Amino acid sequence: MMGPFITKHNIHLISEMSADKFMTKLIEEIESQLPDTKIVIVPSTQDILSRYPLPQPSLKLEAGKSLMVGNPSTLTVEDGPKPWRLSIVNSDIMGGI
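All values derive from a computational prediction rather than experimental measurement.

1. With respect to the side chain of Gln56
The residue Gln56 is located in the loop between strand E1 (40-41) and strand E2 (67-68) in this model. Looking at Gln56, the relative accessible area reads 4%, which means it is buried. A distance of 3.0 Å separates a polar side-chain atom of Gln56 from the backbone oxygen of Ser44. At 3.0 Å, the side chain of Gln56 forms a polar contact with the side chain of Ser50.

If you want it as C-alpha cells, here you go:
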C-alpha cells in the first residue's frame, strides 16, 4: 500500500482518534481480511504521519505482520526458484512541472 493515507485535507474524518491509531487499526483490519497476504506500507510526502521529504524513513507503526518500508525502497521477493528485486518510490516525478 502506498500513501498518502492521511493528509491535512482528510484529517477531519478521523477526529475521534489519533492518526497513528487510526492507521494501525486500518492495517490490522486489512490483515484480518487477507491473512495470507504480506502487506508492504510505503509512506508519502503528503502523509501527516511522515513529515519528511524524500528520502523518507518507514512509518513507525506497530501493526501485525505488515512490512513498513521507507520511500524509496528496494525489496527482495523470494517467490519461486529465483529471488527478484523490486524498487519502489512513492512520489510524483512530474509534480514539479
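2. Some thoughts on the side chain of Ser44
Topologically, Ser44 is positioned in the loop between E1 and E2. When its relative accessible area of 4% is taken as the criterion, Ser44 is described as buried. For Ser44, the contacting residues outside a window of four places in its chain are Gly3, Pro4, Ser50, Gln56, Asn71 and Asn90.

3. Remarks on the pairing of strand E4 (residues 84-88)
Across five bridges, strand E3 (residues 73-77) lies against E4 in antiparallel orientation. Bridged to Thr74 within E4 is Ser87. Hairpin connection, E3 to E4: the antiparallel pair is bridged by six residues, and Gly80 has positive phi, about 100°.

Conventions and cut-offs
Residues numbered from 1 in each chain as written. Predicted model: local features only at pLDDT ≥ 70, side-chain atom pairs only at ≥ 80, totals over all residues. Heavy atoms only, no water. Helix = DSSP H or I, 4+ residues; strand = E, 2+ residues; numbered from the N terminus. Buried < 20%, exposed > 50% of the residue type's maximum accessible area, 1.4 Å probe, protein only. Polar contact = N/O pair within 3.5 Å; in protein donor to acceptor, adjacent residues only side chain to side chain. Contact = heavy atoms within 4.5 Å. Pairing = 2+ DSSP bridges.

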